[in-house]
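# A closer look at the structure
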Amino acid sequence: KLGASDTDKVRGKRIEKQALVSLEKLYQQTSSYEKGIAVLQRLSELMPEQSKDFYHRIAELSLKLYQDDQAVHYATLAVQLNPDDARAQARLGDIYFKMQRLESAVVQYRVAVDLDPRAFDIQVKLAGILVDLGKFREAETLYREITKTATDESLVLSAARESIALAEVDQRLEEVEGDFFPLVY
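Residues numbered from 1 in each chain as written. Predicted model: local features only at pLDDT ≥ 70, side-chain atom pairs only at ≥ 80, totals over all residues. Heavy atoms only, no water.

### Considering the environment of Arg91
The topology assignment puts Arg91 in helix α5 (residues 86–98). The exposure class assigned to Arg91 is partly exposed, which follows from its relative accessible area of 36%. Separated by 17 residues in sequence, Arg91 and Gln108 have C-alpha atoms that sit 8.4 Å apart. Ignoring sequence-local partners within four residues, the contact set of Arg91 consists of Asp53 and His56. (Helix = DSSP H or I, 4+ residues; strand = E, 2+ residues; numbered from the N terminus. Buried < 20%, exposed > 50% of the residue type's maximum accessible area, 1.4 Å probe, protein only. Contact = heavy atoms within 4.5 Å.)

If you want it as structure tokens, here you go:
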């Protein structure tokens with residue numbers, strides 16, 4: 001049974017958590033990112049079950065402060081807490097992308113796609129980076145795969161257009177036609 005002092009400690013922790021959450025929102029609104037990071041670090045200690053989300057937010061704030069190494073550190077911590085989370089892997093890829101570390105972003109997006117093959121938004125990001133890196137054939141193959149497996153019509157059309165444009169660069173339109181023709185009927 002909890003005594004009076006135990007109850008006071010629990011109540012005090014709950015009040016501290018609520019105050020810190022409000023304070024973090026205030027720091028976000030006032031662009032006090034360093035203070036926001038400190039609050040999020042404390043919240044991750046008080047609420048370890050939510051630390052993955054806090055780490056992602058710290059990573060984003062670190063980017064705003066041009067603290068790239070810290071951003072990668074916290075995004076990596078979030079991934080380590082749940083390595084099977086495709087979204088966490090993709091967020092780390094987003095961090096690398098914002099830092100213009102495209103090869104590292106590709107690695108993270110590939111992991112995310114392997115974990116969730118239906119994450120078409122991540123596949124589109126990955127294909128776009130592959131184009132930026134001059135890996136047209138890989139990008140075209142990925143767009144073609146999106147065209148075959150996605151169910152959203154606008155996404156299918158967009159991926160098909162990208163696939164056709166990239167195949168035209170490599171003079172492989174006939175190959176793409178062969179894949180797309182059955183999809184039309």
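Next, the rest of the story.
### Considerations on the pattern of salt bridges
Under the criterion given, the structure shown has eleven salt bridges. With its nearest N and O atoms 3.1 Å apart, the salt bridge here joins Glu16 to Arg42. Of the two residues, Glu16 is situated in helix α1 (residues 4–29) and Arg42 in helix α2 (residues 33–46); the sequence distance between them amounts to 26 residues. A residue is classified by how much of its surface remains accessible, and Glu16, at 27% relative accessible area, is partly exposed. By relative accessible area, which is 28% here, Arg42 ends up partly exposed. What emerges from the salt-bridge pattern is a single network uniting Glu16, Arg42 and Glu45. (Salt bridge = Lys/Arg side-chain N within 4 Å of Asp/Glu carboxyl O.)

### Comments concerning the packing of helix α3 (residues 51–64) against α5
It is the contact of α3 with α5, at a shortest axis distance of 11 Å, that shows an interaxial angle of 5°. Considering their axes alone, α3 and α5 lie roughly parallel with respect to each other. Counting all contacts with α3, which are made through Asp53, His56, Ala59, Glu60 and Leu63, the residues of α5 involved are Ala88, Arg91, Ile95 and Lys98. (Axes fitted to C-alpha atoms, helices over the stretch in contact; angles between N-to-C directions. Parallel < 35°, antiparallel > 145°, perpendicular 65-115°, else oblique.)

### Section: the side chain of Gln108
Examined against the element boundaries, Gln108 turns out to sit in helix α6 (residues 102–115). Residues within four places of Gln108 in sequence aside, it is in contact with Gln89, Leu92, Gly93 and Tyr96.

### Structural notes on the nonpolar core
As a rule of thumb, soluble globular proteins bury nonpolar side chains together. Counting 50 residues, the largest nonpolar core has Leu43, Ile95, Tyr109, Ile122, Leu126 and Ile146 as its most contacted members. Beyond its immediate chain neighbours, meaning those up to four positions away, Leu43 contacts Lys17, Leu20, Val21 and Phe54. (Core = buried A, V, L, I, M, F, W, Y, C linked by side-chain atoms within 4.5 Å.)

### Digging into unusual backbone geometry
Across the chain, the bulk of peptide bonds are trans and the bulk of non-glycine residues have phi less than zero. We note that Ser31 has phi near 60°; this positive angle belongs to a residue other than glycine. Along the chain, Ser31 falls in the loop between α1 and α2. Accessibility expressed as a relative area gives 43% for Ser31, which makes it partly exposed. Even without a glycine there, the phi angle at Tyr66 is positive, about 60°. Counting through the fold element by element, Tyr66 comes out in the loop between α3 and α4 (68–81).

### Here's the deal with the side chain of Thr147
Here Thr147 is to be found in helix α8 (residues 136–149). At a separation of 2.9 Å, a polar atom in the side chain of Thr147 contacts the main-chain carbonyl oxygen of Tyr143. (Polar contact = N/O pair within 3.5 Å; in protein donor to acceptor, adjacent residues only side chain to side chain.)

### What to know about the layout of surface pockets
Roughly 150 Å³ of volume is contained in the largest pocket. Forming the boundary of the largest pocket are Arg110, Val113, Asp114, Pro117, Gln123, Leu126, Leu130, Glu138, Leu142, Glu145 and Thr149. Contributing elements (two or more residues each) for the lining of the largest pocket: α6, α7 (120–132) and α8. By residue number, the principal contributor to the lining of the largest pocket is α8, which donates four residues. (1 Å grid on protein atoms, 1.4 Å probe; cavity = no way out; pocket = protein on both sides within 12 Å on 5 of 7 lines; lining within 4 Å. Points joined across faces, edges and corners; volume = space filled by probe spheres on them.)

### Thoughts on the packing of aromatic side chains
The geometry of an aromatic ring pair is captured by two quantities: the separation of the ring centres and the angle between the planes. As enumerated under the stated definition, the model contains one aromatic pair in all. With 5.5 Å between their ring centres and 50° between their planes, Tyr55 and Tyr74 make a pair best called tilted. Linking Tyr55 in helix α3 with Tyr74 in helix α4, this pair joins segments that are 19 residues apart in sequence. Residue classification places Tyr74 among the buried residues on the basis of a relative accessible area of 12%. (Phe/Tyr/Trp six-rings, centres within 6.5 Å; stacked < 30°, edge-to-face > 60°.)

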